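The residues making up each chain are set out below.
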Amino acid sequence: MTAKIGTAPGAPGSRIVGLGHYRPDKVVTNDDLAKIMETDDEWIRARVGIAERRFAAADESVASMGAQAGAKALAEAGLQPEEIDTVITATCSLDSPAPHASTQIASLLGIHAPGSFDINAACAGFCYAVAAADQAVRTGASRNVLVVGSEKLTDWTKSDDRATAIIFADGAGAVVVSPSDEPGIGPVQWGSDEDHTRTIRIEGRNGHFIQEGQTVFRWATSAIAPVAIRATRAAGLELSDIDVLVTHQANLRIIDAIAKKIVKEGGRDDLKVGRDIVTTGNTSSASIPIALDRMRAAGEVSSGEVVLSVAFGAGLTYASQVFVCP
Ligand code: UT7
């Protein structure tokens, strides 16, 4: 007789119970960048929407910034480090592929013996990591998961390349995902476009980010809103149920184009939209949790509101899900 393999008892649902972020202290304005490359404040504000961004100090890393954000998410969740059994970090800018970021973050926070792994889905990584955490909790593989999005993009950006250096920045965001009787995280809609594997890339060990900006711009403004709409429907919701839209903070014109389509397809006129890129820049997999936490801190978003998150980036990859704001 073939032995039967059992499954772990999972939770009916999962939800986000804590959120935190970390932005480095160093503010870099467009005028600062204009001193080292051919660009200007007016062009950057008009074409990208960024007024200033944050750059990490030499002694700050993906792991140290991730731990700072993670500590805040843990505090809000009211959980001790020993209550976390899994750490998942989304990053595409680790200084070295080993050791991976999650094990370093666990060590910095005093989290004992967690399951730990990183996800590299570039700027889409945070939504992938939240989905992995939700699935781990619902299948019983994990109980309390620390999900981190952390990036030190300046390590992988040519400092005078005006196609990338005006956009990319550093920072981290984190959430804690825990079991819940009522689902607080909707099904993920994820995918990728295999015709554009090299549209955003780093060539070789000593390379830096290269992107075909116009191609990414056209793709993001046409392909991404439908993914977010599918994620809303997959959660059994209508677009009118969405209180807050937080997209990956890539370009203010992309954010506004996605928001416009969501409203046109049935989203509310008073839909709140994350536009944190203006003062934080593009922090890749950290951008969604940073943006949401800052909207909350500013009193624009409240606990219990329904958030539609959608992220996209190199790969080209994308992912989207609905969740309840902690
Ligand atoms: O998070 C990862 C996903 N990445 C993205 O979502 C990026 C999406 N793409 C973009 O955000 C935009 O394509 C960029 C911001 C990267 C570039 O903006 P663009 O409007 O697509 O500019 P462009 O490259 O088509 O260049 C337009 C003009 C050119 O001048 P001419 O040929 O029209 O005279 C460029 O030389 O703007 C010039 N230009 C600049 N001028 C001042 C390009 N970059 C700059 C700059 N400062 N930094």
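Basis of the calculations
- Residues numbered from 1 in each chain as written.
- Predicted model: local features only at pLDDT ≥ 70, side-chain atom pairs only at ≥ 80, totals over all residues.
- Heavy atoms only, no water.
- Near = heavy atom within 4 Å.
- Polar contact = N/O pair within 3.5 Å; in protein donor to acceptor, adjacent residues only side chain to side chain.
- Areas by Shrake-Rupley, 256 points an atom, 1.4 Å probe, with all protein chains shown as cover.
- Helix = DSSP H or I, 4+ residues; strand = E, 2+ residues; numbered from the N terminus.
- Nonpolar A, V, L, I, M, F, W, Y, C, P; charged D, E, K, R; others polar.
- Domains from an automatic or database assignment.
- Phe/Tyr/Trp six-rings, centres within 6.5 Å; stacked < 30°, edge-to-face > 60°.
- Axes fitted to C-alpha atoms, helices over the stretch in contact; angles between N-to-C directions.
- Parallel < 35°, antiparallel > 145°, perpendicular 65-115°, else oblique.
- Left-handed = near helix turned anticlockwise from the far one by under 90°.
- Contact = heavy atoms within 4.5 Å.
- Salt bridge = Lys/Arg side-chain N within 4 Å of Asp/Glu carboxyl O.
- Pairing = 2+ DSSP bridges.
- Buried < 20%, exposed > 50% of the residue type's maximum accessible area, 1.4 Å probe, protein only.
- Arc of directions from axis to C-beta.

*Asks:* Please give an account of the site of the ligand that cites residues and values.
*Replies:* Taken together, 22 residues surround the ligand, and among them T39, R47, Q214, N251 and N282 come closest. Measuring from a nitrogen atom of the ligand, one finds a side-chain N or O atom of Q211 at 3.1 Å. Taking G213, its main chain carries an N or O atom lying 3.0 Å from a nitrogen atom of the ligand. Protein coverage of the free-state accessible area of the ligand, which is 950 Å², stands at 72%. Broken down by secondary-structure element, the contributors of at least two residues to the shell around the ligand are helix 2 (41-47), helix 6 (213-234) and helix 7 (252-264). The leading source of residues in the shell around the ligand is helix 6, at 4 residues. Of the residues assigned to the shell around the ligand, the class counts are 11 nonpolar, 7 polar and 4 charged. Both of domain 1 (13-180) and domain 2 (189-324) provide at least three residues apiece to the shell around the ligand.

*Asks:* So what about the packing of aromatic side chains? Which residues, and what values?
*Replies:* Inspection of every chain in the model, using the stated rule, returns 4 aromatic pairs. Judged by centre distance (5.1 Å) and plane angle (15°), the ring pair of Y128 and W190 falls under stacked. Placement of the pair is Y128 in helix 5 (residues 125-139) and W190 in strand 8 (residues 189-192), with a sequence separation of 62 residues. Pairwise contacts between aromatic rings join W219, F312 and Y318 into one cluster.

*Asks:* Hey, could you go over the packing of helix 3 (residues 62-77) against helix 4 (residues 101-109) for me, with residue numbers and the actual values?
*Replies:* In a pair of packed helices, the angle between the axes and the distance between the axes together describe the arrangement. Closest axis-to-axis distance for the helix 3/helix 4 pair is 9 Å, and the angle between their directions is 55°. By the angle class used here, helix 3 and helix 4 are oblique. The crossing of helix 3 and helix 4 is right-handed. In contact with V62, A63, S64, G66, A67, G70, A71 and L74 of helix 3, helix 4 contributes A101, Q104, I105, L108 and L109. In terms of residue class, the contact of helix 3 with helix 4 is built from 9 nonpolar, 4 polar and no charged.

*Asks:* Give a detailed account of the domain arrangement of the chain, specifying residues and quantitative values.
*Replies:* Domain boundaries assigned for the chain yield domain 1 (13-180) and domain 2 (189-324). Using C-alpha coordinates to define each centre, domain 1 is positioned 15 Å away from domain 2. Facing 48 residues of domain 1, the contacting portion of domain 2 comprises 43 residues. Applying the counting criterion to the domain 1 and domain 2 interface returns 1 salt bridge.

*Asks:* Please provide a residue-by-residue account of the sheet that holds strand 13 (residues 306-313), values included.
*Replies:* What the 5 strands build is an open sheet, ordered 8-14-13-11-12; its pairing is mixed. Every interior strand has two partners, whereas the edge strands, strand 8 and strand 12 (272-273), have only one. Two strands pair when backbone bridges link them, and strand 13 and strand 14 (residues 317-324) are joined in this way by 8 bridges, in the antiparallel orientation. Its bridge partner lying in strand 14, A311 is registered against A319. Across the face of the sheet, helix 6 comes into contact with strand 8, strand 13 and strand 14 while running at roughly 40° to strand 14. Each of strand 11 (244-247), strand 12, strand 13 and strand 14 is contacted by helix 9 (residues 287-297), which is oriented at about 145° to strand 11, the strand it contacts most.

*Asks:* A description of helix 4 should follow, citing residues and the corresponding values.
*Replies:* Of all the positions in helix 4, only A101, S102, I105, A106 and L109 are classed as buried. Down the axis of helix 4, the buried side of the element spans an arc of 135°, and every buried residue falls inside it. Of the exposed residues in helix 4, the ones pointing more than 90 degrees away from its buried face are S107 and L108. Looking at the buried residues of helix 4, the elements they touch are helix 3, strand 4 (86-90), strand 5 (115-119) and strand 6 (145-152). Two residues or fewer past helix 4, G110 is found with a positive phi of approximately 75°.

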